[in-house]
Amino acid sequence: MFTGLVEEVGEVREVVAHADVVRLVITGPVVAADTRHGDSIAVNGVCLTVVEVAGADFHVELVPETLRRSSLAGVAAGARVNLERAMSSGQRFGGHIMQGHVDGGGTVAAVREDGFARVVTIRAADPQLLRYVVEKGSIAVDGVSLTVARVDDESFDVSLIPETLERTTLGEAAVGRPVNLEVDVFAKYVEKLVVARVDA
């Protein structure tokens, strides 16, 4: 489980494609410091299992499902990525509950300045995903917990404060950039329970 509070921006040092998996070697000294084999790290919002740690580097593997579902399929050496270790018991809980299970993709459709903030409009690849998105609700974009400022049938806006712009890769977001989206898991549970009751 994650909170969407990015701990550091890491760098993909190496991408190694094998027959059935793609291995990423990522430099992230903060998250790698106490990470062990088998731990979970969210990379741009995708929960991945660490298979090796070497100093400031850690290795993760992308299976076909991950490659189909996330923007990590197009990641290359030198790419900057948002990193967050899984929650530990006893820590403060900021952001919102995230699983690191990407629900779908989106594309940055517009970027505009709004005072000291920056408003980013994201168009969902599958508009059906937006039924789980509500104004003032939470959404994860590339692993960053954000509040929805506006939503319609095709897109939504998020307003990025200077802290988010500085500490995450969303500060580099430009029109056309693909992003990973994870909607609020509670919305999906509520829908399933309501549909089951209506159909009963």
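Now for a quick tour of the structure. (Residues numbered from 1 in each chain as written. Predicted model: local features only at pLDDT ≥ 70, side-chain atom pairs only at ≥ 80, totals over all residues. Heavy atoms only, no water.)

Nonpolar side chains collect at one region of the surface, where V190, V194 and V198 lie side by side and expose about 280 Å² of accessible area between them. Residue position: V198 is located in helix α4 (residues 185-199). For V198, a relative accessible area of 63% translates into the label exposed. (Patch = residues over 30% accessible without salt bridge, like charges linked within 9 Å, V, L, I, M, F, W, Y side chains within 5 Å. Areas by Shrake-Rupley, 256 points an atom, 1.4 Å probe, with all protein chains shown as cover. Salt bridge = Lys/Arg side-chain N within 4 Å of Asp/Glu carboxyl O. Helix = DSSP H or I, 4+ residues; strand = E, 2+ residues; numbered from the N terminus. Buried < 20%, exposed > 50% of the residue type's maximum accessible area, 1.4 Å probe, protein only.)

What follows deals with the sheet that holds strand β9 (residues 138-141). Pairing within the closed barrel is antiparallel, and its 6 strands lie in the order β7-β8-β11-β10-β9-β12. Here the average twist between neighbouring strands, direction ignored, is 45°. As defined by bridge partners, strand β10 (residues 144-151) adjoins strand β11 (residues 155-160) across 3 bridges and the pair is classed as antiparallel. Bridge pairing links V148 to V158 in β11. (Pairing = 2+ DSSP bridges. Axes fitted to C-alpha atoms, helices over the stretch in contact; angles between N-to-C directions.)

Pairing between side chains becomes possible if they bear opposite charge and their charged atoms approach one another. By the definition in use, this model includes 15 salt bridges. Linking E7 and R85 is a salt bridge whose minimum nitrogen-to-oxygen distance equals 2.4 Å. In this pair, E7 is assigned in the segment before β1 (8-17) and R85 in strand β6 (residues 80-85), connecting sequence segments 78 residues apart. Judged by its relative accessible area of 25%, E7 is partly exposed. A salt bridge links K188 to D103, with the nearest nitrogen and oxygen atoms 2.7 Å apart. Here K188, found in helix α4, pairs with D103, found in the loop between β6 and β7 (104-114); they are 85 residues apart in sequence, far enough to count as distant. Taken together, the shared-partner salt bridges connect E7, D34 and R85 into one network.

One finds I139, V141, F156 and L181 to be the most contacted residues of the largest nonpolar core, which totals 23 residues. Formed by 19 residues, the second largest nonpolar core is a distinct cluster that contains I41, L62, V81 and L83. (Core = buried A, V, L, I, M, F, W, Y, C linked by side-chain atoms within 4.5 Å.)

This part covers the environment of E154. Tracing the sequence through the fold places E154 in the loop between β10 and β11. Taking the C-alpha atoms as reference, E154 lies 38 Å from D57; in sequence the two are 97 residues apart. Those residues in contact with E154 that lie beyond four places of it in its chain are I122, R123, A124 and L130. (Contact = heavy atoms within 4.5 Å.)

It is worth spelling out the sheet that holds strand β4 (residues 46-54) at this point. The strand order around the closed barrel built from 6 strands is β1-β2-β5-β4-β3-β6, with neighbouring strands paired in antiparallel fashion. With strand direction ignored, the average angle separating the axes of adjacent strands in the sheet is 45°. Here strand β3 (residues 40-43) runs beside β4; their pairing, made up of 4 bridges, is antiparallel. Counterpart to A42 in the pairing with β4 is C47.

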